[in-house]
Amino acid sequence: MPDPMRIRASEKDGIVDVKILMRHDMETGQRKDAAGKTIPAWFINQVSAKVQGRDVFNANFGSAISKDPFLNFKYKGSKGDKLTVIWTDSKGEKRTDEILVS
Amino acid sequence: MNQQRRNLLKHSMVFGLMATAGLISTSQAQEWSKAAFDGKSLDDVFKALNTATPEKSSAITLTAPDIAENGAVVPVGLTTSLKAEQVAILVEKNPNTLAGQFYFPAGTEAFVTTRIKMAQTSNVYFLVKAEGKWLMTMKEIKVTLGGCGG
């Protein structure tokens, strides 16, 4: 099971500000290990965020998103809603985390 | 008939049904485009995004450094007054040009911040799709230490 994400979602004047930090190595497929062998690419390629089942943000990543990817976005919403964030990586691994908007 | 093909058919049917049943909305079905992410040049990516070279727009405001000390972590962001539905970030001199695509469903602000890797000093293109049309703005970010390979 991949490491949990750190998510912060706070509402101000009807706008929810969401900050997400995912834990992932985001291997580009360009690096070589000590033996000179190429380390295969392995990175998060899709992220989706939903509030009460409604899509509020989607992203597709390439390998050029930094290690431990960070995202910040804003949507119209209210306090107390449940925000669900799901990522999928290029090996098909998944991680889902939920948080209540504060 | 070949088993893989059968499975593919089965999966695409299930996916289609989920889409019709409203279990997944259209924006969620945004596919990870291999053609776009494998693009090795700006033109490859423009082609995969189905656009000619986008026009420059002054309505896109960037948050990006002039100089990045560490190419592995370059904070970039943008906000725009355009009715953006999608944003794409392209690094001209990276091995793969397209870094990421971001989708804003209705009700989401035309704003995003993330962190990207840059192999070397390069022009970074920020594309915004608004009302079906791609627009862009560009900024050169100088990198003192590369973020790929090494």
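These numbers come from a predicted model, not from an experiment.

J.: I'd love a proper account of the overall build of chain B, names of residues and values included.
T.: Within chain B, the regular secondary structure consists of 3 helices and 9 strands. Reading chain B from its N end, one meets helices and strands in the order α-α-α-β-β-β-β-β-β-β-β-β. Taken across its 150 residues, chain B has 33% of its residues classed as buried. Sequence-distant contacts in chain B: of pairs separated by 6 or more residues, those separated by 24 or more amount to 66%.

J.: Would you mind going over the nonpolar core in detail, with residue names and values included?
T.: Formed by 60 residues in total, the largest nonpolar core has its most connected members in Val87, Leu90, Ile116 and Phe126 of chain B. Examining the composition of this core, we find that 6 residues originate from one element, strand 5 (residues 84–91) of chain B, more than from any other.

J.: Go over the interface of chain A and chain B, please, and point to the residues and values.
T.: Taken together, the 28 residues of chain A in the interface contact 32 residues of chain B. For the side of chain A that touches chain B, the secondary-structure elements that each account for two or more residues are strand 3 (44–51), strand 4 (54–61) and strand 5 (70–76) of chain A. Residue composition of the side of chain A that touches chain B, grouped by class: 12 nonpolar, 11 polar and 5 charged. Pairing analysis gives 2 bridges linking strand 5 of chain A to strand 7 (residues 111–116) of chain B, with the strands arranged antiparallel. Within the sheet, the bridge partner assigned to Leu71 of chain A lies in strand 7 of chain B and is Thr114 of chain B.

J.: Any chance you could break down the pairing of strand 3 of chain A for me, citing the residues and the numbers?
T.: Residues and elements named next belong to chain A. Where burial is concerned, most of strand 3 is hidden: 6 out of the 8 residues are buried. In this sheet, strand 6 (residues 82–89) lies alongside strand 3 in antiparallel orientation, the contact comprising 7 bridges. Paired with Gln46 across the bridge in strand 6 is Thr88. Between strand 3 and strand 4, which pair antiparallel one after the other, the connecting turn spans 2 residues, and Gln52 there sits at a positive phi close to 45 degrees.

J.: Tell me about the pairing of strand 5 of chain B, residues and numbers included.
T.: Residues and elements named next belong to chain B. Within strand 5, 6 of the 8 residues are buried, which leaves the element mostly enclosed by the surrounding structure. When strand 5 meets strand 8 (residues 122–130), the two strands line up antiparallel, connected through 7 bridges. Note on strand 8: the bridge partner recorded for Leu90 is Tyr125. Of the strand pairs in this sheet, strand 5 and strand 6 (residues 98–103) are connected by 5 bridges, and their pairing is antiparallel. Along strand 6, the bridge assignment pairs Val87 with Phe102. Taking the residues that link successive antiparallel strands as the turn, the strand 5-strand 6 hairpin has 6 residues.

What counts, and at which threshold
- Residues numbered from 1 in each chain as written.
- Chains lettered and ligands numbered in written order.
- Predicted model: local features only at pLDDT ≥ 70, side-chain atom pairs only at ≥ 80, totals over all residues.
- Helix = DSSP H or I, 4+ residues; strand = E, 2+ residues; numbered from the N terminus.
- Buried ≥ 20, exposed ≤ 12 C-beta atoms within 10 Å, placed from the backbone.
- Contact = placed C-beta atoms within 7 Å.
- Core = buried A, V, L, I, M, F, W, Y, C linked by C-beta atoms within 7 Å.
- Nonpolar A, V, L, I, M, F, W, Y, C, P; charged D, E, K, R; others polar.
- Pairing = 2+ DSSP bridges.

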